[in-house]
There are 2 protein chains.
Amino acid sequence: MAKEITIYDIANQLQISPATVSRALNNHPAINEKTKVLVNTKADELGYRSNKFASNLRKQSTSTIGVIVPRLNSYIMSTVLAGMEKVANEEGFNLIISQSLESQKKEIANAQTMFNSRVDGLLVSVAFDTDSFEHFQPFLKKKIPLIFFDRILENNNCPSIVIDNTKAGYEATNHLIQQGRSNILHITGNLQRNVYADRLKGYQQALLENEIPFQKAFLWETALNLEAGKEVAQRIKAMPNRPDALFIASDLCAVACISALKEMGIDVPNDISVVGFNNDPVAQVIAPKLTTIHYPAKEMGEIAVKSMINHLKGTMNLDKTNAITLRSELIVRESSRIIEHSA
Amino acid sequence: MAKEITIYDIANQLQISPATVSRALNNHPAINEKTKVLVNTKADELGYRSNKFASNLRKQSTSTIGVIVPRLNSYIMSTVLAGMEKVANEEGFNLIISQSLESQKKEIANAQTMFNSRVDGLLVSVAFDTDSFEHFQPFLKKKIPLIFFDRILENNNCPSIVIDNTKAGYEATNHLIQQGRSNILHITGNLQRNVYADRLKGYQQALLENEIPFQKAFLWETALNLEAGKEVAQRIKAMPNRPDALFIASDLCAVACISALKEMGIDVPNDISVVGFNNDPVAQVIAPKLTTIHYPAKEMGEIAVKSMINHLKGTMNLDKTNAITLRSELIVRESSRIIEHSA
DNA sequence: CTGAAAGCGCTTACAG
DNA sequence: CTGAAAGCGCTTACAG
C-alpha cells in the first residue's frame, strides 16, 4: 500500500505506452473502446489514483475555484456555500474558501492567497468596507474569471449574481404602507454596499409613490447584527415620536430588536410593525413570526459555481454577461399584520 | 503579464543556479543571507509566484487539509469552519471543505475525493447514519492523519476533539431538577452519534442521582431541526400527562418547540421549562430567552486545525493523543427560571 | 555556501 | 488508433 500507482505501472502491466494509458483514463475520443476498458479495469485493480499535481502542472489549470465571503458563519453565507459545495462536488471541482471578516485588508490578503493558489476562477462577496478593485486586477490581467455575488463591486466588467434588492426593498416598504404605516424607520448596513444601497432605493421609491416624505433621521446605518438590534430598540424607546414600523435589512438584527422592544413593553406588530430580510430560519420561531424577504441563498451558490464551471469549460461564455438576477419574495407573517381592535 | 515567472528567470537574471534560488526562497539555513535578500528582492521585482503544483509534485505534499462536515449551514458547523479557516489561513494552509448532508453514502464519496485530492490531513465530523469506519481506512494505511471533531467515531486510534457531552447533559438536566422539575422529556438526535448518546448518559445520570426513574417514553429521537421542534410541541400537546421540562439537544429545535408551545397556550417556563444546547445566537432573541449549553464552536475549529498542522509539521505528535476535550458551560436564562407566584 | 542533475507524474504536439 | 519524447516548475541527495 505504501507505493503510489502511476500510469507507468498500468502501461507496463498492459504492455502499452503511458501516453495511451493517459488518454484512455481521460476518455480521449481517439482511443479504442476496448483499450479504454482494459486500462480502466487495470487501474481499478491496482488502486490507481490520478496525481492532480502532475496533471495540474502539465495542464496549467487546477479544477479549483476560490471563494471569498465576508463571513462563513452567517445564515446567508453558510447557505450560499452549501449550494456552492454541492455543485462543485458534483462537477469534480474543489472549493477553497476564505473569509474577509468584513475587512478590506484581510480581503486583499485572501485575494493574494487565491492568486498564488492559482484558482481557475474566483467568486467574491465583498467586505463592508471594500472601496477598491485593485486587489482583483491581477485576476483580470491573467484572464482568471471573476464573478461577484450578493455584495458586488460595480463598473469592472465582471458578471454578478444578485437579487433585485431595490425591488425587494420596495416590496417590503410598500407592504408596510399598505398596512397603514407611514413612519417607517429603515435599519440597514454599510451603504457603500449595493445590497444596502439598493434596498434603501426601494424603500425611498415606495415612500415617494405613496407621497410620504423621506427623512434622513429615519435611516440608520448599523452593523446589522444581534447587538445592533438591541441598540436600535434602546434608541427607539428614547424617541419622542416613535416610528410605527421598521424595515430592517437582516432578520437576525430584526429579531433581536423585536425581542428587546417586547421587553420594553412595546407591542409588535400593533405599536410597531417589523419587516426583516433574508428569511433566516429564526424568522419562523419567534413570536410574532417575522415578515421578511426570502433570499434564494442556496440557489445563488449553485448558480454561481455552475456559471463559473460552464465558463471555464467553454460551455457558456460570461464575457458579455453583466448580471444574473434571482427571484426574491416577500413573505408576510405576523410581525407586520396589524390586529384590528373590535369593540 | 502573460508569461509566468519561474525560478529560472530569477536565476538567469542573478547569474546563479535555480537550486540556490529555490533554497533562498524557502529560507534554507545553508544559504547566505545576502543571497536570500538578493533573490527575494528580484522575485518581488519580477512578480514571481511559486508554483504549488510543481512544488507539491516534487515534495509529495499539498499544504491542504480536508474537512468533511454533516452540513455547512448550521450555526455550530459554520462557526467551527470559521475558526478552522482563520487558523489555516494564518498558517498558509488551504482548506477543502465538503458536506455529507447527513448521509453516510455521500460521506464515503467525499472521503474518496479528499483521498484523491491528496489532502495532507483530514478533519471529520460524521453524518447521522455513519456506522462504518471503512471509508477512512485508506487514510490510515497511507499514514494521512485523521482527526474527528464533535461527532466522532470511536475505537479507531484517531484523536478526537470534543466537549464533555455527558457532563453537559448532566448539568442541563440537573439544573432543571434543581428548579423543581422531575418529568423531564429529553429530545435528541440519532443516538448512534456520541454527541447525543453522551448527552443522554448525562441526562440519565442526573435523574439517577436525584432518584427520578428514567422512562423510555420520555426519550424522543428526532431530526433535531426546526420542523422536529414543531412536531414535538404537537406531540406534547396530545399527551395526557405532560412533562414539566424539556432538555432539547439543539437550540434551533428548542426554539421552534417553544414557539409552537406558546401558540398552543402552554407557558414556558411556568408550565414547561426548557433547556437547549449550543448557545446559538437565536437563544438570546426569543422570549423567554433560552437556557442552554455554550458550545465552543470557533475554538473547536481553531484547535482542530492547529493540532493538525502541528502534527504535520512534527511540532506535536498526535499518535498518543486520544482526545482533546474543550470546556462547555451551562448558561441559565429565562426559559428555565420558574417564576414563583405570590398571593 | 553553491551547483549540476535527476526526477516527481502527468499531457500533448508531432509523427506514423 | 497508438507511441516516443519533451517539458510543466520545482526540490534535494550528492558533490565540492
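Given the structure is predicted, the values throughout are model-derived calculations rather than measurements.

**Q** So what exactly am I meant to see when it comes to the protein's contact with DNA strand C here?
**A** Inspection of the region around DNA strand C gives 27 residues, with A:S22, A:R23, A:Y48, A:R58 and B:T20 positioned closest. In DNA strand C, atoms within 4 Å of the protein come from the sugar-phosphate backbone in 62% of cases. Measuring from a phosphate oxygen of DNA strand C, one finds a side-chain N or O atom of B:T35 at 3.0 Å. At the level of secondary structure, the elements contributing two or more residues to the surface near DNA strand C comprise α1 (7-14), α2 (18-25) and α4 (52-59) of chain A together with α2 (18-25) and α4 (52-59) of chain B. Residue contributions to the surface near DNA strand C peak at five residues, all from α4(A).

**Q** Help me out: how do you make sense of the sheet that holds strand β9 (residues 273-275) of chain B in this one?
**A** Sheet strands associate in pairs through backbone hydrogen bonding, adopting either a parallel or an antiparallel arrangement. Residues and elements named next belong to chain B. As summarised here, the arrangement of the four strands in space is β7-β6-β8-β9, forming an open sheet in which the pairing is parallel. The open sheet has two edge strands, β7 (219-221) and β9, and neither has a second partner. Each strand axis lies, on average, 15° off the axis of its neighbour in the sheet, ignoring direction. Examined bridge by bridge, strand β6 (residues 184-188) and β7 share three bridges and lie parallel to one another. Within the sheet, the bridge partner assigned to I187 lies in β7 and is W220. Running at roughly 170° to β6, helix α9 (residues 194-209) makes contact with β6, β7 and β8 (245-248) of the sheet. Packing against the sheet, helix α10 (residues 226-237) makes contact with β6, β7 and β8, and its axis sits at approximately 145° to β7.

**Q** Could you clarify how one ought to interpret the environment of B:K105 in this entry?
**A** Residues and elements named next belong to chain B. With respect to the secondary-structure elements, K105 resides in helix α6 (residues 104-116). For K105, a relative accessible area of 73% puts it in the exposed group. Measuring from C-alpha to C-alpha, the distance between K105 and A127 comes to 9.4 Å, with 22 residues separating the pair along the chain.

**Q** In this structure, what is going on with the relation of the copies chain A and chain B? I would like to understand it.
**A** Think of it as a corkscrew move, a rotation about one axis and a shift along it, taking one chain copy to the other. Superposing chain A onto chain B requires a rotation of 180° together with a translation of 0.0 Å along the rotation axis, leaving an RMSD of 0.1 Å. On the angle and the small slide along the axis, the relation comes out as a two-fold axis. Relative to the rotation axis, the C-alpha of A:F53 is the closest in chain A, positioned 2.4 Å from it. Mapped onto chain B, 100% of the interface residues of chain A are again interface residues, and the two copies thus contact each other with one and the same surface.

**Q** I tried to follow the nonpolar core on my own but got confused; where do I start?
**A** Generally speaking, soluble globular proteins have nonpolar side chains that are buried together. Membership of the largest hydrophobic core comes to 159 residues, with the highest contact counts inside it found for A:M84, A:L123, A:F149, B:M84, B:L123 and B:F149. Once residues lying within four places of it in the same chain are set aside, the contact partners of A:L123 are A:I65, A:G66, A:V67, A:I68, A:M84, A:I147, A:F149, A:A304, A:V305 and A:M308.

**Q** Would you mind going over the protein's contact with DNA strand D with me for this structure?
**A** Taken together, 27 residues sit near DNA strand D, with A:T20, B:S22, B:R23, B:Y48 and B:R58 positioned nearest. Backbone atoms, meaning sugar and phosphate, make up 62% of the atoms of DNA strand D lying within 4 Å of the protein. Here a phosphate oxygen of DNA strand D sits 2.9 Å away from a polar atom, N or O, in the side chain of A:T35. A:Q60 places a side-chain nitrogen or oxygen 3.2 Å from a sugar or linking oxygen of DNA strand D. Sorting the residues of the surface near DNA strand D by element identifies α2 and α4 of chain A together with α1 (7-14), α2 and α4 of chain B as the ones contributing at least two each.

**Q** Help me understand the domain arrangement of chain A, please; the structure alone is not making it clear to me.
**A** Quoted interface sizes are often the accessible area lost when the parts come together. Residues and elements named next belong to chain A. Domain annotation for chain A reports domain 1 (7-50), domain 2 (63-162 + 297-326) and domain 3 (165-295 + 330-336). Distance between the C-alpha centres of domain 2 and domain 3: 29 Å. Contacts between domain 2 and domain 3 engage 16 residues on the former and 14 residues on the latter. Across the interface of domain 2 and domain 3, roughly 1,200 Å² is buried in total on both sides, 51% from carbon and sulfur atoms. Counting the contacts that link domain 2 with domain 3 gives zero salt bridges. At the surface where domain 2 touches domain 3, the tally comes to nine residue pairs in polar contact (both at pLDDT 80 or more). When residues of the side of domain 2 that touches domain 3 are traced back to their parent elements, those giving at least two are α5 (75-91) and α12 (297-313). Here the residues of the side of domain 2 that touches domain 3 sort into ten nonpolar, one polar and five charged.

**Q** Got a minute to help me understand the sheet that holds strand β7 (residues 219-221) of chain A in this structure?
**A** All names here are of chain A. Judged by pairing direction, the sheet is parallel, and its four strands sit side by side in the order β7-β6-β8-β9 without closing on themselves. Only two strands of the sheet have a single partner each, and these edge strands are β7 and β9 (273-275). The average angle at which neighbouring strand axes cross in this sheet is 15°, direction not considered. Bridge count between strand β6 (residues 184-188) and strand β8 (residues 245-248): four bridges; the pairing is parallel. By the bridge assignment, L185 is partnered in β8 with L246. Of the strands in this sheet, β6, β8 and β9 touch helix α8 (residues 165-178), which is tilted by about 170° from β8. Contacts between helix α9 (residues 194-209) and the sheet are confined to β6, β7 and β8, with β6 contributing the most and set at about 170° to the helix.

**Q** Would you explain the packing of helix α5 (residues 75-91) of chain B against helix α12 (residues 297-313) of chain B in this entry?
**A** Describing two packed helices takes the angle between their axes plus the distance from one axis to the other. All names here are of chain B. Contact geometry for α5 and α12: axes closest at 6 Å, N-to-C directions at 40°. Seen along the crossing, α5 lies across α12 with a hand that is right-handed. Facing α5, whose interface residues are I76, T79, V80, G83, M84, K86, V87, A88 and E91, α12 presents A297, K298, G301, E302, A304, V305, K306, I309 and K313. Of the residues belonging to the contact of α5 with α12, the class tally is nine nonpolar, three polar and six charged.

Calculation rules
- Residues numbered from 1 in each chain as written.
- Chains lettered and ligands numbered in written order.
- Predicted model: local features only at pLDDT ≥ 70, side-chain atom pairs only at ≥ 80, totals over all residues.
- Heavy atoms only, no water.
- Near = heavy atom within 4 Å.
- Polar contact = N/O pair within 3.5 Å; in protein donor to acceptor, adjacent residues only side chain to side chain.
- Helix = DSSP H or I, 4+ residues; strand = E, 2+ residues; numbered from the N terminus.
- Pairing = 2+ DSSP bridges.
- Axes fitted to C-alpha atoms, helices over the stretch in contact; angles between N-to-C directions.
- Contact = heavy atoms within 4.5 Å.
- Buried < 20%, exposed > 50% of the residue type's maximum accessible area, 1.4 Å probe, protein only.
- Least-squares fit on C-alpha atoms with pLDDT ≥ 70 in both.
- Core = buried A, V, L, I, M, F, W, Y, C linked by side-chain atoms within 4.5 Å.
- Domains from an automatic or database assignment.
- Buried area = accessible area lost by both parts, 1.4 Å probe.
- Salt bridge = Lys/Arg side-chain N within 4 Å of Asp/Glu carboxyl O.
- Nonpolar A, V, L, I, M, F, W, Y, C, P; charged D, E, K, R; others polar.
- Left-handed = near helix turned anticlockwise from the far one by under 90°.

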